[in-house]
Amino acid sequence: MIEDKNQSRTPLSKLGEFGLIEHLTEQFEIKQSSTIKSIGDDAAVLDFKKKQIVVTTDMLVEGVHFDLSYVPLKHLGYKSVIVNLSDVYAMNAEATQITVSIAVSNRFPLEALEALYEGIALASKIYNVDVVGGDTTSSTSGLLISITAIGVVNADDVVYRKGAKPNDLLVVSGDLGAAYMGLQILEREKEVFKVNPNNQPDLDAYTYIMERHLKPEARKDIIKLLKDLNVKPTAMIDISDGLSSEILHICKASKVGCDVYEDKLPLDPQVISSCEEFNIDSTTVVLNGGEDYELLMTISQDDFPKIKANPNFTVIGFMTDENSGANLVTRAETKIPLQAQGWKNFES
């Protein structure tokens, strides 16, 4: 967390807007056959032939969504891509292109933006997406990143939030709560650092949960796995704002209720131990923490035999009729109504 005072700093004014764009984007290679024209003209040209197109945009704002006192710029660039690709995969689609727009204040030198774009380039390479455009402008209040992701899907394969039916199984990929607990560790160490800048944290015991916060992954692999297993979810959403919020989104769109079982929620051992350390209830963390970027889906019970032995999936409940509401079934076998208490914008 100690800043290297000997870093070279090239002012952005030395390059100008167009020179900056050219400098930051020269590393991007075209990988998708659907990309006819990328950066360098008034607009990108894409050709998807008979596929349906999905488009999603997300914005990350310094001081609201990230804290640069402990978030490395390379990790931030990577994560800014991932949060958008995750929305594409939640539609059961393949991500193909992104655009990247940033607003940046004059406190950031060229080297800072190079680190940011290094992370963007790494994510685009790993997930096989083309960077085809964007914008840069100045900011009076720090850094802002806006990314638009584009994907393709066959009309018969697209999955919405609205398709869940009573008796469908509620299934989640991976484990939950790690990103939130990683954030708690980083916030704690930031406060310690403020008191004693010479104190360097020992974070070896928290590597998994910190990585889940700083460098999450989108579940592109789950989309392929579902196809390989011949399973099409009846509804799907990515977990960005907390499990309870995402469940309620599906219930509202599909006009159904659900029962979610507390003892079925998937937890990594580091999440359990860090919750104990912070004296936080792990169920509360899973339901409300957010930023896990796992996929939450409903599937027909007929498809259960196809996923039951797969470690990538956990059945956490089932859908009910709308009048039953959305409920958490506790370990004591009592029902508590689910409430959306995860991330909310525009709250003071």
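As shown above, the structure is provided for reference.
First things first, this report covers the structure right here in the doc. (Residues numbered from 1 in each chain as written. Predicted model: local features only at pLDDT ≥ 70, side-chain atom pairs only at ≥ 80, totals over all residues. Heavy atoms only, no water.)

## Side note on the packing of aromatic side chains
Part 1: Evaluated as defined, the whole model comprises two aromatic pairs.
Part 2: The ring of Tyr 78 carries the charged tip of Lys 215 above its face, separated from the ring centre by 4.3 Å. (Phe/Tyr/Trp six-rings, centres within 6.5 Å; stacked < 30°, edge-to-face > 60°. Lys NZ or Arg CZ within 6 Å of the ring centre and 35° of its normal.)

## Considering the environment of Asn 312
Part 1: Following the sequence through the fold, Asn 312 ends up in the loop between helix H10 (304–307) and strand E11 (313–321).
Part 2: Classification of Asn 312 as partly exposed rests on a relative accessible area of 26%.
Part 3: Note: C-alpha distance between Asn 312 and Asp 175 (137 residues apart in sequence) is 8.9 Å.
Part 4: Those residues within four positions of Asn 312 in sequence are excluded, and the remaining contacts are Val 172, Ser 173, Gly 174, Arg 219, Asp 221, Ile 222 and Leu 225. (Helix = DSSP H or I, 4+ residues; strand = E, 2+ residues; numbered from the N terminus. Buried < 20%, exposed > 50% of the residue type's maximum accessible area, 1.4 Å probe, protein only. Contact = heavy atoms within 4.5 Å.)

## Brief notes about the pattern of salt bridges
Part 1: Taken as a whole and assessed by the stated rule, the structure comprises 18 salt bridges.
Part 2: Here Asp 130 and Lys 31 are joined by a salt bridge, their closest N and O atoms 3.7 Å apart. One end of the pair, Asp 130, is in strand E5 (residues 130–138); the other, Lys 31, is in the loop between helix H1 (16–25) and strand E1 (35–37), and 99 residues separate them in sequence.
Part 3: Accessibility expressed as a relative area gives 0% for Asp 130, which makes it buried.
Part 4: Look at Lys 31 and you get partly exposed, because its relative accessible area is 33%.
Part 5: Put simply, Glu 191 and Lys 194 hold a salt bridge, and the shortest N to O gap is 3.3 Å. Placement of the pair is Glu 191 and Lys 194 together in helix H4 (residues 178–195), with a separation of three residues, close to one helical turn.
Part 6: Residues participating in the shared-partner salt-bridge network are Asp 175, Arg 212, Arg 219, Asp 221, Asp 292 and Glu 294. (Salt bridge = Lys/Arg side-chain N within 4 Å of Asp/Glu carboxyl O.)

## Considerations on the packing of helix H5 (residues 207–214) against helix H8 (residues 269–278)
Part 1: Two elements in contact, H5 and H8, have axes whose closest approach is 8 Å; the angle formed by their N-to-C orientations is 100°. When the axes of H5 and H8 are compared, the pair comes out roughly perpendicular. Between H5 and H8, the contacting residues are Thr 207, Tyr 208 and Ile 209 on the first element and Gln 270, Val 271 and Ser 274 on the second.
Part 2: Considering only residue class, the contact of H5 with H8 consists of three nonpolar, three polar and no charged. (Axes fitted to C-alpha atoms, helices over the stretch in contact; angles between N-to-C directions. Parallel < 35°, antiparallel > 145°, perpendicular 65-115°, else oblique. Nonpolar A, V, L, I, M, F, W, Y, C, P; charged D, E, K, R; others polar.)

## Re helix H7 (residues 243–254)
Part 1: Here H7 contains 12 residues, and its C-alpha end-to-end distance of 16 Å stays within 8% of the 16 Å for a straight helix at 1.5 Å per residue.
Part 2: Looking at H7, one finds that the buried residues are Leu 243, Ser 244, Ser 245, Glu 246, Ile 247, Ile 250, Cys 251 and Ser 254.
Part 3: Phi for Lys 255, located one or two positions after H7, is positive at around 55°. (Expected span 1.5 Å × (residues − 1).)

## Quick look at unusual backbone geometry
Part 1: Residue Asn 230 is not a glycine yet carries a positive backbone phi of 60°.
Part 2: By the secondary structure assignment, Asn 230 is in the loop between helix H6 (220–228) and strand E8 (235–238).
Part 3: Unusually for a residue other than glycine, Tyr 293 sits at a positive phi of about 55°.
Part 4: Residue position: Tyr 293 is located in the loop between helix H9 (282–288) and strand E10 (295–299).

## Re the sheet that holds strand E13 (residues 335–337)
Part 1: In space, the seven strands of this open sheet follow the order E8-E10-E7-E11-E9-E12-E13, with mixed pairing throughout. Only two strands of the sheet have a single partner each, and these edge strands are E8 and E13. Taken over all neighbouring pairs, the strand axes of this sheet differ in orientation by 25° on average, direction set aside.
Part 2: Across four bridges, the pairing between E8 and E10 is antiparallel. Its bridge partner lying in E10, Ile 237 is registered against Leu 296.
Part 3: Against the sheet, H7 makes contact with strand E7 (169–173), E8, strand E9 (256–261), E10, E11 and strand E12 (326–329), and its axis sits at roughly 150° relative to E9, the strand it touches most. (Pairing = 2+ DSSP bridges.)

In short, geometric facts, not functional conclusions.
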